[in-house]
Amino acid sequence: MSLQEHLATCAPYAVQRGEGRGRRQYDEAESLTRSPWQRDRDRVVHSSGFRRLQYKTQVFVNHVGDFFRTRLTHSLEVAQVARSMARALHLDEDLTEAVALAHDLGHTPFGHAGEDALAELMYNWEGFDHNTQALRQVTLLERRYLTFNGLNLTWETIEGLAKHNGPVKKLGPWLREFDAAWPLDLTGFASAEAQVAALADDIAYHGHDLDDGVKSGLLTLDDLTDVPLVGGILAEVRRIAADYTDVPQKAQRIRHEVVRRVINALVTDVLVTSRRNLQDLAPQSVEDIRAASQPVIAFSPEMWAANKGIRKFLFARLYRHWRVNRMGYKARKVTSGLFTVLTESPDLLPDVWRERAPSGNDMALRRTVADYVASMTDRFAIDEYRRLTDLSVTG
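Quick caveat: nothing in here was measured; it's all calculated off a predicted structure.

A. How the structure looks around the overall build of the protein. Regarding its fold elements, the protein presents 18 helices and 0 strands. Whereas a compact globule of 395 residues would reach a radius of gyration of roughly 21 Å, the protein reaches 22 Å, a difference of no more than 12%. Expressed along its principal axes, the backbone C-alpha trace of the protein runs to roughly 65 × 50 × 35 Å. Taken across its 395 residues, the protein has 54% of its residues classed as buried. The contacts in the protein between residues at least 6 apart in sequence include a share of 70% that link residues at least 24 apart. Summed over all atoms, the accessible surface of the protein reaches about 18900 Å², with 51% contributed by carbon and sulfur.

Have a look at this one:
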């Protein structure tokens with residue numbers, strides 16, 4: 001799409017091509033064939049951190065089964081939902097997609113169990129959280145280009161990663177230093193594109209976690225009958241399905257139909273509510289979106305309550321299921337074991353990582369080990385733990 005075509009299709013409150021704030025690390029000439037945010041999206045897709053998401057836990061550890069979602073498939077589903085909503089709201093689809101695809105690049109192996117372990121271990125050492133880690137991944141840890149570390153993404157994409165969940169009220173030391181060098185206006189909201197990516201994250205993971213929960217056998221369709229929004233949709237799908245007596249794999253199709261309709265209901269509500277919010281605010285630029293007193297991309301109060309009810313159900317019945325708890329316990333043990341061994345004996349780090357931790361600097365060592373462990377896939381973390389702790393496994 002040319003600049004002229006983009007300006008004709010994007011609303012004035014969208015991030016406008018030709019008005020971006022540039023790239024922080026290295027001043028590059030603009031591409032002749034891609035917008036800055038298409039270029040950002042492509043760099044994310046080609047990054048090593050993005051590829052590693054294919055073997056990082058969403059809910060189920062990778063080796064449990066090949067047909068459950070991983071962080072990679074989750075990110076792809078978020079991007080699909082986000083891009084569809086961006087198009088409907090006349091936003092920049094490429095920026096929306098870039099933020100959606102990159103939002104989980106900071107996740108550790110084993111999902112939130114691994115993150116919780118690293119957060120506890122780094123508590124007195126400037127902390128750890130996956131959102132800040134995603135920024136470190138795209139600005140520092142990727143090592144692909146001759147002239148800079150990181151991916152040299154645009155200000156707008158970095159802003160989206162930093163603020164897609166809203167203004168940042170508590171800055172860790174690393175983010176504070178980064179913001180001082182390249183201010184991200186962290187007290188305001190992000191662009192509407194980033195706000196869309198944030199809600200697409202909620203919509204996608206509620207849909208696919210319901211799907212995977214039932215597929216795994218940890219949940220049944222009957223368990224969903226009293227879940228807000230989901231229960232009513234399930235009853236309607238079952239009523240329709242009663243007329244189809246000879247359909248093969250009927251229960252599986254009912255599950256898919258329920259998930260499809262749940263996602264559609266959530267997306268539709270966001271679009272209706274956001275259009276109303278935009279009409280009331282009447283923003284004339286992206287700066288009006290950033291300066292607003294509340295997000296413009298949002299659920300209605302009724303759907304927000306239903307969405308909260310879905311989250312509460314999933315936490316109680318899936319994320320805290322005893323089988324998931326067992327896997328989480330083992331995941332925290334592996335993550336903590338790796339961190340402890342490598343901080344106590346840094347000479348066991350691979351050369352490329354040991355070079356990043358100056359001798360005698362405990363803070364740099366712990367941060368380097370946290371970066372190394374966070375970069376691992378589930379499978380690599382398990383294998384590395386064995387290599388470091390099991391004498392029968394070659395190091």
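B. Spatial organisation of empty space enclosed by the protein. A complete count under the given rule lists 3 cavities of 30 Å³ or more for this structure. Looking at the largest cavity, its volume works out to about 50 Å³. Going through the elements one at a time, helix H3 (48-52), helix H7 (130-141) and helix H17 (362-375) are the ones with two or more residues in the lining of the largest cavity. For the lining of the largest cavity, the leading source of residues is H17, giving 3 residues. Among the residues making up the lining of the largest cavity, the classes are represented as 2 nonpolar, 6 polar and 3 charged.

C. Just H17, in detail. With 14 residues, H17 ought to run about 20 Å at 1.5 Å a step, and its terminal C-alpha atoms sit 20 Å apart, in line with that. Most of H17 sits out of view: 11 of its 14 residues are buried. Listed in full, the buried residues belonging to H17 are Ala364, Leu365, Arg367, Thr368, Val369, Ala370, Asp371, Tyr372, Val373, Ala374 and Ser375. Residues of H17 that are buried in the fold lie against H3, helix H6 (111-121), H7, helix H15 (322-344), helix H16 (351-354) and helix H18 (378-389). A distance of 3.2 Å separates the backbone nitrogen of Met363 from a side-chain oxygen at the start of H17, and that oxygen is part of Asn361.

D. A look at the packing of H15 against H18. Between H15 and H18, whose axes approach to 10 Å, the crossing angle comes to 50 degrees. Relative to H18, the element H15 lies oblique. For the crossing formed where H15 meets H18, the hand is left-handed. Residues Lys333, Val334, Gly337, Leu338, Val341 and Leu342 of H15 form the contact with H18, whose participating residues are Ala381, Glu384, Tyr385 and Leu388. Grouping the constituent residues of the contact of H15 with H18 by class yields 7 nonpolar, 1 polar and 2 charged.

E. Region of the structure containing the layout of surface pockets. Volume-wise, the largest pocket comes out at about 960 Å³. As for the largest pocket, its lining consists of 40 residues, and the residues nearest its centre are Arg71, His107, His112, Tyr205 and Phe315. The set of elements that each furnish at least two residues to the lining of the largest pocket consists of helix H4 (71-88), H6, H7, helix H10 (192-216), helix H14 (301-319) and H15. It is H10 that contributes the most residues to the lining of the largest pocket, 7 residues altogether. Class assignment of the residues belonging to the lining of the largest pocket gives a composition of 16 nonpolar, 15 polar and 9 charged. In this structure, the second largest pocket spans a volume of roughly 580 Å³. Taken together, 25 residues make up the lining of the second largest pocket; nearest its centre are Asp129, Thr132, Lys170, Leu171 and Gly172. Those elements giving two or more residues to the lining of the second largest pocket turn out to be H7, helix H8 (155-163) and helix H9 (173-181).

F. A look at the confidence of the model for the protein. When pLDDT is averaged along the protein, the result is 92, and 96% of the positions lie at 70 or above. Averaged over each element, pLDDT in the protein is lowest for helix H1 (residues 3-9) (58) and highest for helix H5 (residues 93-102) (98).

G. Inspection of the pattern of salt bridges at higher detail. The final tally for this structure, using the stated rule, is 31 salt bridges. For the salt bridge of Glu287 with Arg21, the shortest nitrogen-to-oxygen distance reads 3.2 Å. Of this pair, Glu287 sits in helix H13 (residues 286-290) while Arg21 is found in the loop between H1 and helix H2 (36-45), placing the two residues 266 residues apart along the sequence. Look at Arg21 and you get partly exposed, because its relative accessible area is 37%. Two residues, Asp383 and Arg386, come together in a salt bridge whose shortest N-O distance is 3.7 Å. With Asp383 and Arg386 both in helix H18 and 3 residues apart, the pair spans about one turn of that helix. The exposure class assigned to Arg386 is partly exposed, which follows from its relative accessible area of 45%.

Scoring rules and cut-offs
- Residues numbered from 1 in each chain as written.
- Predicted model: local features only at pLDDT ≥ 70, side-chain atom pairs only at ≥ 80, totals over all residues.
- Heavy atoms only, no water.
- Helix = DSSP H or I, 4+ residues; strand = E, 2+ residues; numbered from the N terminus.
- Rg over C-alpha atoms; globule rule 2.2 N^0.38 Å.
- Buried < 20%, exposed > 50% of the residue type's maximum accessible area, 1.4 Å probe, protein only.
- Contact = heavy atoms within 4.5 Å.
- Areas by Shrake-Rupley, 256 points an atom, 1.4 Å probe, with all protein chains shown as cover.
- 1 Å grid on protein atoms, 1.4 Å probe; cavity = no way out; pocket = protein on both sides within 12 Å on 5 of 7 lines; lining within 4 Å.
- Points joined across faces, edges and corners; volume = space filled by probe spheres on them.
- Nonpolar A, V, L, I, M, F, W, Y, C, P; charged D, E, K, R; others polar.
- Expected span 1.5 Å × (residues − 1).
- Polar contact = N/O pair within 3.5 Å; in protein donor to acceptor, adjacent residues only side chain to side chain.
- Axes fitted to C-alpha atoms, helices over the stretch in contact; angles between N-to-C directions.
- Parallel < 35°, antiparallel > 145°, perpendicular 65-115°, else oblique.
- Left-handed = near helix turned anticlockwise from the far one by under 90°.
- pLDDT = per-residue confidence, 0-100.
- Salt bridge = Lys/Arg side-chain N within 4 Å of Asp/Glu carboxyl O.

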